[in-house]
Amino acid sequence: MADELDPTPYDALLLLSFGGPEGPDDVVPFLENVTAGRGIPRERLKEVGQHYFLFGGVSPINAQNREFLAALRADFAAHGLGLPVYWGNRNWAPYLTDTLRAMADDGHRRILTLATSAYASYSGCRQYRENLADALAALEAEGRPRLEIDKLRHYFNHPGFVRPMVDAVLAALDELPADVRDRAHLAFTTHSIPLTAADTSGPVERHGDGGAYVAEHLDVATVVADAVREATGVDRPWRLVYQSRSGAPHIPWLEPDICDHLQDEHAAGAPAVVMVPIGFVSDHMEVKYDLDTEATAKAAELGLPVARAATVGADPRFVAGIRELVLERATAERGAPVERCALGALGPSHDVCPVGCCPARTPRPAAAGRD
Ligand SMILES: CC1=C(CCC(=O)O)c2cc3nc(cc4[nH]c(cc5[nH]c(cc1n2)c(C)c5CCC(=O)O)c(CCC(=O)O)c4C)C(CCC(=O)O)=C3C
Ligand SMILES: [Fe+2]
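Cut-offs applied
Residues numbered from 1 in each chain as written. Chains lettered and ligands numbered in written order. Predicted model: local features only at pLDDT ≥ 70, side-chain atom pairs only at ≥ 80, totals over all residues. Helix = DSSP H or I, 4+ residues; strand = E, 2+ residues; numbered from the N terminus. Rg over C-alpha atoms; globule rule 2.2 N^0.38 Å. Buried ≥ 20, exposed ≤ 12 C-beta atoms within 10 Å, placed from the backbone. Contact = placed C-beta atoms within 7 Å. Pairing = 2+ DSSP bridges. Axes fitted to C-alpha atoms, helices over the stretch in contact; angles between N-to-C directions. Near = placed C-beta within 6 Å. Nonpolar A, V, L, I, M, F, W, Y, C, P; charged D, E, K, R; others polar. Domains from an automatic or database assignment. UniProt positions renumbered as here; feature names shortened; annotations may be inferred. Core = buried A, V, L, I, M, F, W, Y, C linked by C-beta atoms within 7 Å.

**As for the overall build of the protein chain**
And then number 1: Within the protein chain, the regular secondary structure consists of 12 helices and 8 strands.
And then number 2: Computed over C-alpha atoms, the radius of gyration of the protein chain comes to 20 Å, within 12% of the 21 Å expected from 2.2 N^0.38 for 371 residues, which places it in the range of a compact globule.
And then number 3: Principal-axis analysis of the C-alpha atoms gives the protein chain an extent of 60 × 50 × 40 Å.
And then number 4: Expressed as a percentage of the 371 residues in the protein chain, the buried residues total 45%.
And then number 5: The long-range share in the protein chain, meaning contacts at least 24 apart out of those at least 6 apart in sequence, stands at 78%.

In structure tokens form, the structure reads like this:
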């Protein structure tokens, strides 16, 4: 029998994610939810709708979250961590407000949130905090008791997130033809965001020149590239590149795009490229379409061999890492000394987003932070 682990002061964990359509009829309403008031051109929306229709109108993200949820529950149970785990989304059922209502009605009052985004940014952090504030306001309007909500620190540099990615790169290298494997370059990819959003990502003192968003990705890429070099004895050129650009063409977003990068790599004589989606926690649509479909077709057209590294998904090391992060935060909230695991040069991220962290274009109430 495992010893009991103490989650006090928390009484439940909330897995907070993006959500995705589960059939063709869901695609348009899903995209309307995602883009409400966000100024995305109609043409782009039509195009993204086609990505989903290509996969029968089903995003892989919900199934992946169900699997992750089951893995978290099994891990907590096996380790004697008596913390119930719930799941809610920003853009599709189960919707966050419905999940929080169920949590309140089940008697939970002090909730810790795990967002399926490992890095600082408006889209990956503050927007979820705004969603939490909206949901809390809705429950308050229904006369339900007040919930207190915290959010786990960004886990981009936690060993539970980084170590599976190193193995994923090694596995992807093995998929390449043997004669190019040792000379293959690495392309670390993440979601492009507007330059203004990147420059203001993270705490105010980290703003400017890509902000915390770019710095955190570069830190992870460095750790993974170093570990791969150590494992293979080969020093490979690598670069952080971007994918899934949205928005109006005249607004600058982070570049280069993975497809342009593959073209440049090919022109410069790279014999093969491994694409490593360090920006994502599961193989959802941004990975399945933008990398496995679009970028892979681009590489085929160029005659450039490519392989794509898996995301962490429900890897047991990632699941165990989340358990450690939950216990770390619970311990810190109780005021006890705690060790904070982090690889790379940046050190562990803050527990509570400070004032001015990842500001919105138009300020809105956000929960689980100082402003
Ligand atoms: C940083 C970031 C992450 C990573 C962090 C995290 O994981 O949260 C992420 C994840 C995701 N993005 C996703 C889907 C979409 N994102 C869109 C639009 C946008 N994403 C943005 C940023 C991010 N997005 C931004 C700045 C926009 C422009 C509009 C706006 O300012 O909000 C659009 C609209 C159409 C389009 O233009 O692409 C869609 C459909 C899915 C679900 C995939 C599936 O269904 O499997 C996931 C996991
Ligand atoms: Fe997105």
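**A look at the sheet that holds strand β2 (residues 85–89)**
And then number 1: In spatial order, the strands read β2-β1-β3-β4; together these 4 strands make up an open sheet with parallel pairing. The open sheet terminates on both sides in strands that have one partner only, identified here as β2 and β4 (148–151). The sheet shows a mean angle of 30° between the axes of neighbouring strands, direction not considered.
And then number 2: Two strands pair when backbone bridges link them, and strand β3 (residues 110–115) and β4 are joined in this way by 4 bridges, in the parallel orientation. Across the sheet, residue threonine 113 finds its bridge partner in β4, namely lysine 151.
And then number 3: Docked against the sheet, helix α3 (residues 61–78) engages β1 (12–17) and β2, running at close to 160° with respect to β2.
And then number 4: This element, helix α5 (residues 122–141), spans β1, β3 and β4 of the sheet and lies at about 145° to β3.

**Structural notes on the site of ligand 1**
And then number 1: Around ligand 1, the surrounding shell holds 26 residues, and the nearest of these are Gly20, Ser59, Ser246, His284 and Met285.
And then number 2: Mapped onto the shell around ligand 1, the elements with two or more residues apiece are α1 (27–35), α2 (42–54), α5 and α11 (285–302).
And then number 3: Sort the elements by how many residues they give to the shell around ligand 1 and α1 lands first, with 3 residues.
And then number 4: Of the residues belonging to the shell around ligand 1, the class tally is 9 nonpolar, 14 polar and 3 charged.
And then number 5: Two domains share the shell around ligand 1, each providing at least three of its residues, namely domain 1 (12–156 + 314–333) and domain 2 (159–308).

**A short note on the UniProt feature "binding site: Fe(2+)" (unreviewed entry) in the protein chain**
And then number 1: Annotation from UniProt places "binding site: Fe(2+)" (unreviewed entry) at His191 and Glu286. With the annotated positions falling across 96 residues, the maximum pairwise C-alpha distance of 8.2 Å places them together in a single cluster.
And then number 2: Mapped onto the secondary structure, histidine 191 falls in strand β5 (residues 185–191).
And then number 3: When sequence neighbours within four positions are dropped, the list of residues in contact with histidine 191 reads Gln243, Ser244, Gly279 and Glu286.
And then number 4: Mapped onto the secondary structure, glutamate 286 falls in helix α11.
And then number 5: Glutamate 286 sits in the buried class, given 22 other C-beta atoms within 10 Å.
And then number 6: Not counting residues up to four positions away in its chain, the partners in contact with glutamate 286 are His191, Gln243, Ser244 and Phe280.

**Thoughts on the nonpolar core**
And then number 1: In this structure, Met165, Val169, Val224, Val274, Met275 and Val276 are the most contacted members of the largest nonpolar core, which totals 96 residues.
And then number 2: The dominant element in this core, judged by the number of residues it contributes, is helix α9 (residues 211–232), at 9 residues.
And then number 3: When residues of this core are assigned to domains, at least three map to each of domain 1 (12–156 + 314–333) and domain 2 (159–308).
And then number 4: Look past the residues within four positions of valine 276 in its chain and what remains in contact with it is Met165, Val169, Leu186, Ala187, Phe188, Thr189, Val224 and Ala309.
And then number 5: Counting 8 residues, the second-largest nonpolar core is a separate cluster that includes Phe18, Val27, Phe30 and Ile61.

**Observations concerning the UniProt feature "binding site: Fe-coproporphyrin III" (unreviewed entry) in the protein chain**
And then number 1: UniProt records the feature "binding site: Fe-coproporphyrin III" (unreviewed entry) at Ser59 and Tyr128, using the numbering of this structure.
And then number 2: Looking at where serine 59 falls in the secondary structure, it is placed in the loop between α2 and α3.
And then number 3: Of the residues examined, serine 59 has 25 C-beta atoms within 10 Å and is grouped as buried.
And then number 4: By secondary structure assignment, the location of tyrosine 128 is in helix α5.
And then number 5: A count of 24 C-beta atoms within 10 Å places tyrosine 128 in the buried class.

**Remarks on the pairing of β1**
And then number 1: Taking burial as the measure, the 6 residues of β1 include 5 buried ones, the bulk of the element.
And then number 2: Sheet analysis places β1 next to β3, joined by 5 bridges and oriented parallel. Bridging across to β3, leucine 15 finds its partner in leucine 114.
And then number 3: The pairing of β1 with β2 spans 5 bridges and is classified as parallel.

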